[in-house]
Every structure is written in C-alpha cells, then in structure tokens.
Amino acid sequence: MIELADESLIVRLAIVVGLGALAFTVVFLLGAFASRGVVTRRTRRRNHVEQTWAPYILSGLREDPGPPPRLRRRDAPTVIAQWLRLSTPLQGAGADRLQHLARRSGLNAAAQRVLERGRVQEQLVSAVFLGRQRDLRSVKALVDLTDDRQLVVRAEAARALVSIDPAAGVRLTAPLLARWSDCHPALAVAVLDRAPAQLAATAVAAEATNAQDPAVQARLMEVLAAFPSAPAAAAARTLLETRSDPELVSRCLSVLRELRDPADSALVRRYVHHSTPFVRVQAVTALGRLQVPGDEWCLYAALSDRDWWVRHRAAEGLTAWRRLPAATLAFMRAVHPDPYGRDALEQAASEGPGR
Amino acid sequence: MDGQRILVVDDEPDIARLLEFYLEAEGYSVELLTTGADAVARLDGDPPNLVVLDVMLPHIDGFSILRRLRETPSWYRVPVILLTAKGAEDDQVAGFDAGADDYVVKPFQLDSLVARIQRLLRTGHRSGGEAIEPPA
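Residues numbered from 1 in each chain as written. Chains lettered and ligands numbered in written order. Predicted model: local features only at pLDDT ≥ 70, side-chain atom pairs only at ≥ 80, totals over all residues. Heavy atoms only, no water.

## Regarding the overall build of chain B
Counting its regular elements, chain B contains five helices and seven strands. Here the C-alpha radius of gyration of chain B, 13 Å, is about what a compact globule of 136 residues would show, namely 14 Å. With respect to the three principal axes, the spread of C-alpha positions in chain B is 30 × 30 × 30 Å. Split into buried and exposed, the 136 residues of chain B put 49% on the buried side. When the accessible surface of chain B is summed, it comes to about 6,300 Å², and 47% of that surface belongs to carbon and sulfur atoms. One way to put it: in chain B the 13 positive side-chain charges average out to a point 4 Å from where the 24 negative ones average out. (Helix = DSSP H or I, 4+ residues; strand = E, 2+ residues; numbered from the N terminus. Rg over C-alpha atoms; globule rule 2.2 N^0.38 Å. Buried < 20%, exposed > 50% of the residue type's maximum accessible area, 1.4 Å probe, protein only. Areas by Shrake-Rupley, 256 points an atom, 1.4 Å probe, with all protein chains shown as cover. Lys, Arg positive; Asp, Glu negative; His and termini not counted. Charge placed at Lys NZ, Arg CZ, Asp CG, Glu CD.)

Now the structure itself:
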C-alpha cells in the first residue's frame, strides 16, 4: 500500500510539473506575440506618420506647402527625427526654408514638450532639433536638462545651447564641462565645436586656470589642445609655472606642441629630463615640432633615454627636422653611443619622409 | 532638361528621397539606387544622362564604382557628380582622379547642386580637356 501511495504521488507531481511547464510556455508565447504585436503596430504607425509628413516637408523646399498635417503628441518624436534626417544634409536656402516651416508647423513647441517629458532617446533628438532651429524659447528647458543625471543628455543639451547662442552658450557650458568629471575631453570638444574656436578657448582656458583640482585642469587642457590659440597657450604657460602634477604638465606640453611657438622652447626643454616618462615624451615631441635651432641636440641626447617612447619621439623629431642636413642625420645615426638610440633613428628614418 | 535622366546612388533613404523629389520638380526623370552592388549591376544597362553618386556606400565605395563606370564603354562619357560628407582635400583629389566631373560636400545647397547638374548636362563629361556630348 505504501508503494501504491508513493507511485500516485510521483504521478501527481509529474502532472503538476507538466501542467506548470505548459502554462509557462503558453504565457511566454502569448507575451512574445503581444510584444511583437506592439512593435509591429508602432512600426506601422511610424511609417504612416513619416509617409504623411514627407510630402509636406519636401514640398516646403520649393514653395509654401499650406497647412501642415495634424501632429499628435505621441507622433512628435517621429516627425522631429524625420525632419532632422531631411534637413541635416542641407544648407543655404533649402535649410532656411525647412527651419522656417518647422517653426510654423508647431514642431518647435512640440520638441520642447518632448524635451521636458520624453524618453532619453526622444530628448536627445529634440535637443539636437532645437539647437539646429536656434530656438531661443527652448533655452530654459535646455538649461534644465544640463542637470540631467545622464551625461549624454547633459552634453547634447549643452551643445544645443552653444548652437543657439555661441557666446552665451559657451559662457554657460564651460563651467559645466569643468564640473562634469565623467565628461571625456573628446565629448567636451564636440559640445563646443559649434562655437568660434577663440571664444571656446578663452572660456575653457579661464576655467582651467581657475580650477583647484589638477585632474580637472588636466582634462580641460586636453580640451584646449583641440583649440590651439593664444588663450590656450597662455593657460598652458601659466599652469606650467605654477603646477607640477605630471598629467597636467604633459597636457600643457601637448597644447604648446600644437601651437608651435618657438618662444616656448626654453619652457619645454625643462621637462626633457622629467622623472615621469610620459612627460618626457610630450617634451621631446614638442621640441620636434617647434624645431628651434639648437634643440636638435637636445633630441639627440634624448635618444639615450631609458624609455622606448621617448627615444622613438626624439628620433621622429630629428627625422622630420627641416633644417637638419641629411649628412648630419646620417652622422648622428652612425656615431650615437647608445645602440637603442641608433636603432630608434634607423626605424624613424625608415618610417618617415625619405631622407 | 525635359526627359533627361539622372541616376542617384545613395544608401541614405532620406537623402535619396530628397534628391528624387527636388530633381523631379526641376523636370528630370530620376532613378534611385541604394547600394553599390545595384549600381555596379546597373552598368550593364542603358546609361542615364548624369549620375549623382555617394562615396560612402556599404561593401563597395563610390570611387570604385566610378572607376568601373569609366571603364564601361557605354557609360564612359556620362558626367558624374560625387555627393559626400567626405570633404577633405585628399578625398576630393581622389574623386577627381577616379573620374568625377564635380564634387559636392554635404551639407550642400540644393539650388547649387541643380546648377552644377545643368552645367554638366550642357557640357558633358570632359576627357583630355575636350567637352564630349553625352550619348543621346
């Protein structure tokens, strides 16, 4: 009897497990079909909206297309994205006509609403759109977005502000870029790229000089390397005189390297024997760009550096030295006392412009 | 410009649509292709009066297509305008070396593109410094 009871328990258990698995499968399949249905409906809706608006937008390139199609709130992100795709490749009269038409069609207002309440992706597209439209009424909403917890949203909002009003946008954005420790310098450069270079450099240079944290200063100097200018040079020189953080020093040297002012040669030379290899790399690379007569011997000496990259950059600098006669370079290759130095010159000569 | 045929090769549907709309409004007949492979296959057919060709196409770039076009006898004399976001001087030189008649960088002005098309349809593809009329 005990055996019979055990068997019926196992059978009951098996039935329960089987039914459970079946139920799970059915629920899973229903869920999959339902979400597929949602996606399909959304895609159809999006295609329908784009097909409705495309003739209106395209007609607007040549003439007044009349009243716009009805714009439902939920369709605004689709239309804004479509507008951007069609207008971004254009400039001149065609772009101006589309800009004017977007304003008249209520798209600017719709984009502002999306900016305030949309999902991240929709906010990004709207920020790009409002920046392109140069809509002053969206400034407040964009400024609010520069506080968003997502860097990509903050950065795009800042970029739009710079597009709308470069001078005011840069003044507002430069301190933000200094505060955003999660903002890579390349992204910071992208935020500022719609502003005149001098304007951007002046603002960033001021932030770099006034910041207390060397890590912040180093990050801002890396941004300044993309805007070689007098303010960038002035900031680099000031910081080299007052700061010793190796990362910051190397960034300042890279700014001076881009500017190629022979007057910086003496300042750069101080770092050729720095204790940190990457500082020495930046120093010899900068000397190789400045090409001040006499400094080629500084590079010659750097061929004995214990760090490979320093030797390599020194060799590159010598190989590219415009006023160095080929015979002198060959002499250097032959007589340098360090075999690694001679190798570095040999390699640089084989890679560089034919000497 | 009545009935003159322009072939547009661009993988971005919105740009292709924009060009098709604008050029048809100017009175041209427009054929659209969206891949390099389709453009190469099209070289077996009758040539249009002019080609507007994007450079950055997937799998085969516009420069390669242009070189093949210039090697195809029936297409050799068709004027080609390269339309691309690649605006560096090296890219422009490469485009002209490959046989382009004009090079337009995005973002571009529509009216300026139309003016260039009209000029090339009048003068044709230049070979060895002489203007050669495109095939009728």
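That shown, we press on.
## What about the sheet that holds strand β4 (residues 80-84) of chain B?
Residues and elements named next belong to chain B. An order of β2-β1-β3-β4-β5 is seen for the five strands of this open sheet, with the pairing classed as parallel. Edge positions in the sheet fall to β2 (29-33) and β5 (102-105), since each of these pairs with one other strand and no more. Averaged over neighbouring strand pairs, the angle between their axes works out to 20 degrees when direction is ignored. Two strands pair when backbone bridges link them, and strand β1 (residues 5-9) and strand β3 (residues 50-54) are joined in this way by four bridges, in the parallel orientation. Within β3, the position partnered with Val 9 by the bridge is Leu 53. (Pairing = 2+ DSSP bridges. Axes fitted to C-alpha atoms, helices over the stretch in contact; angles between N-to-C directions.)

## Section: the pairing of β3(B)
All names here are of chain B. For β3, the tally of buried residues reaches five of five residues, placing the bulk of the element in the interior. Neither face of β3 is left uncovered, since the one carrying Leu 50, Val 52 and Asp 54 and the one carrying Val 51 and Leu 53 both have all their residues buried. Bridge count for β3 against β4 is four bridges, and the pairing is parallel. In the strand pairing of β4, Asp 54 is matched with Leu 83. Once you follow β3 into helix α3 (residues 62-71) and on to β4, the crossover reads as right-handed. (Right-handed = clockwise from strand over helix to strand, strands pointing away.)

## Notes on the interface of chain A and chain B
In this complex, chain A contributes 14 residues to the contact, which on the side of chain B involves 13 residues. The junction of chain A with chain B conceals about 1,400 Å² of combined surface from both sides, 63% of it contributed by carbon and sulfur atoms. It is A:Arg62, A:Pro89 and A:Gln91 in chain A that bury the most area against chain B; as a group they hold 40% of the surface buried on that side. Here chain A is connected to chain B by two salt bridges. Of the charged contacts in the structure, one is a salt bridge between A:Arg85 and B:Asp14, with a shortest N-O distance of 2.4 Å. Our count for the contact surface shared by chain A and chain B stands at five residue pairs in polar contact (both at pLDDT 80 or more). Contributions of two or more residues to the side of chain A that touches chain B are made by α1 (2-59), α2 (76-87) and α3 (93-104) of chain A. At three residues, α1(A) tops the list of elements feeding residues into the side of chain A that touches chain B. Across the side of chain A that touches chain B, the residue classes break down as seven nonpolar, four polar and three charged. (Contact = heavy atoms within 4.5 Å. Buried area = accessible area lost by both parts, 1.4 Å probe. Salt bridge = Lys/Arg side-chain N within 4 Å of Asp/Glu carboxyl O. Polar contact = N/O pair within 3.5 Å; in protein donor to acceptor, adjacent residues only side chain to side chain. Nonpolar A, V, L, I, M, F, W, Y, C, P; charged D, E, K, R; others polar.)

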